[in-house]
Structure formats: C-alpha cells, structure tokens
Amino acid sequence: MASIKDDCDKKAMKNILFDFISKYISLTEEEKNAILSLDIFHSVKKGSILLKEGQKSKNSYFVLKGCIRKYYIIDGEEKTTAFYTEMEVLTPHCVISKAPSEYYISCIEDTILTVSNPDMEIEMNSKFPKFEIMCRTLSEELLAKQQIDFDEFKTSSPEQRYLNLFQKRPDLLQRVPQHQLASYLGITPQSLSRLRTRILEKTKE
C-alpha cells in the first residue's frame, strides 16, 4: 500500500472525499487541512491483499476509486460475501472485536483508498466533535444497508439475486470476474452462465 504522491491524483481524490463528507457535515478549511495532515490517501495495486484470515488490523477503508472484495476460504474454496466500490466504507469486524480476522479483503482493481484507524478517529473527534456525529450517522446507515442486503439475499433465488444486482449495481457485472460473481450469488460459474443465457432469452421474447 503506497501513499499517493502525485499532486493531481491527490487533489482529485481529496475533492471526492470532501464532496462525500459535505453530504453529512460542512467543513472549514482548518478541518480540511486536519484531514489532509493524516496522510490517509493510499493507492493499492490490483490483486493486493489488504487483510488476511488470522490477521489483526486496526484499518478501516473508504473506496475513492476501484473495487475491493471480502471473502472467506472454506475447505480451500473462496466464498465471496461482498464487494465495495466507489463511495463505500468497510470497517472489518476484527477492528471492532480486536480479534483475528475470519476473512480476507483484496483489491479486484487498482484501487485508491483512504485508510484510517481508531486512533485517528479519536484524535479528529476530540478536535472536531462534529466528526463524531458524521461517523455515527455513517455507521447507522451502513448497519441498516447491511441488514437489508442480508435479508434480501436470504429470501431471494439466485436468479432474483442476479436481477437485484443488475438493477442496483450493474457496474459489478462488468468489473468482477465471473467466478467471483458466481461465488457472491451462491452458485457455480456454470450456473451463472446458464442463468445469464436464460435471462437474455426472456428479454428477447
């Protein structure tokens, strides 16, 4: 994981971050400079592993550009449970539990992230209390979204899961390798191929 050195890239990424934060709170120049002083912007190459099973970590991630994947390895087979793309936050469970991670997080694409940890958050929240309000709101939104996604997944057929993905996150169908997408949907790559053909035939009728 490398810090972003290019000034143009850094400027573009900080603008994306500040635009996102402005949806929750307004930032003064002092607060913007305080964020930038933390050196939180990092670029990560495609295929890099951010977190391994059994590893402890304090890092939380916010995707500015790219795609990361969360997966388990069960009986030697990867089981994908989530994808995170632009403007999505991932705080691994091990950060909260302080226990070793039960899963892996890796980059599907070259990715630009902000990387933060609880020490940074405590420092920022003590200096600027409104950051704590934003973090709480973000956490509540994230929890609600995860619950909805989980319920939807558990009550849907593979075909309905695919159609939901097509409707809500069509970019993933182009960005994610088929075997990882199949794993996420809970089916084999062969079943996914047949499912896609079936859906395509229905749209032609």
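Anything mentioned here points back to the structure above.
Every value quoted in this text rests on a predicted model; they were computed, and no experiment measured them.

(A) Spatial organisation of the packing of helix α6 (residues 158–168) against helix α9 (residues 189–204). α9 packs onto α6 with a crossing angle of 70° between their chain directions and a minimal axis gap of 11 Å. One finds that α6 runs roughly perpendicular with respect to α9. As for how α6 packs across α9, the hand of that crossing is right-handed. Judged by residue contacts, Pro158, Glu159, Tyr162 and Leu163 of α6 engage Leu192, Leu195, Arg196, Arg198, Ile199 and Lys202 from α9.

(B) How the structure looks around the packing of aromatic side chains. Taken as a whole and judged by the stated rule, the model has 7 aromatic pairs. Judged by centre distance (5.4 Å) and plane angle (65°), the rings of Tyr72 and Tyr103 are edge-to-face. One end of the pair, Tyr72, is in strand β5 (residues 68–74); the other, Tyr103, is in the loop between α3 (93–97) and β8 (104–107), with 31 residues separating them in the sequence. Taking the relative accessible area as the measure of exposure, Tyr72 reaches 24% and is therefore partly exposed. Centre to centre, the rings of Phe128 and Phe131 are 5.8 Å apart; their planes meet at 65°, and the pair counts as edge-to-face. Classification of Phe128 by relative accessible area gives buried; the value is 9%. Its end group placed over the ring of Tyr71, Arg69 keeps NZ or CZ at 3.9 Å from the ring centre. Sitting over the ring of Tyr103, Lys70 keeps its end group 4.8 Å from the ring centre.

(C) Quick peek at the nonpolar core. In terms of nonpolar packing, the biggest core is built from 21 residues, with Leu17, Ile21, Ile35 and Phe131 touching the most fellow members. For this core, the secondary structure elements donating two or more residues are α1 (7–21), α2 (29–36), β4 (60–65), α4 (118–127) and α5 (130–154). If one sorts the elements of this core by residue count, α1 sits on top with 5 residues. Sequence-distant contacts of Ile21, that is, excluding residues within four places in its chain, are made with Leu27, Ile35 and Met134. Formed by 16 residues, the second largest nonpolar core is a distinct cluster that contains Tyr162, Leu173, Leu185 and Leu192.

(D) Structural detail: α9. Given a rise of 1.5 Å per residue, 16 residues ought to cover 22 Å, and the 23 Å separating the end C-alpha atoms of α9 matches this to within 8%. Among the residues of α9, Leu192, Leu195 and Ile199 are the ones counted as buried. For α9, the angular spread of buried residues about the axis comes to 60°, placing them on one side. The outward face of α9, more than 90 degrees from its buried face, is lined by the exposed residues Arg194 and Lys204. Looking at the packing, one finds that the buried side of α9 touches α6 and α8 (178–185).

Each value, and the rule that gives it
- Residues numbered from 1 in each chain as written.
- Predicted model: local features only at pLDDT ≥ 70, side-chain atom pairs only at ≥ 80, totals over all residues.
- Heavy atoms only, no water.
- Axes fitted to C-alpha atoms, helices over the stretch in contact; angles between N-to-C directions.
- Helix = DSSP H or I, 4+ residues; strand = E, 2+ residues; numbered from the N terminus.
- Parallel < 35°, antiparallel > 145°, perpendicular 65-115°, else oblique.
- Left-handed = near helix turned anticlockwise from the far one by under 90°.
- Contact = heavy atoms within 4.5 Å.
- Phe/Tyr/Trp six-rings, centres within 6.5 Å; stacked < 30°, edge-to-face > 60°.
- Buried < 20%, exposed > 50% of the residue type's maximum accessible area, 1.4 Å probe, protein only.
- Lys NZ or Arg CZ within 6 Å of the ring centre and 35° of its normal.
- Core = buried A, V, L, I, M, F, W, Y, C linked by side-chain atoms within 4.5 Å.
- Expected span 1.5 Å × (residues − 1).
- Arc of directions from axis to C-beta.

Keep in mind these values describe shape, not function.
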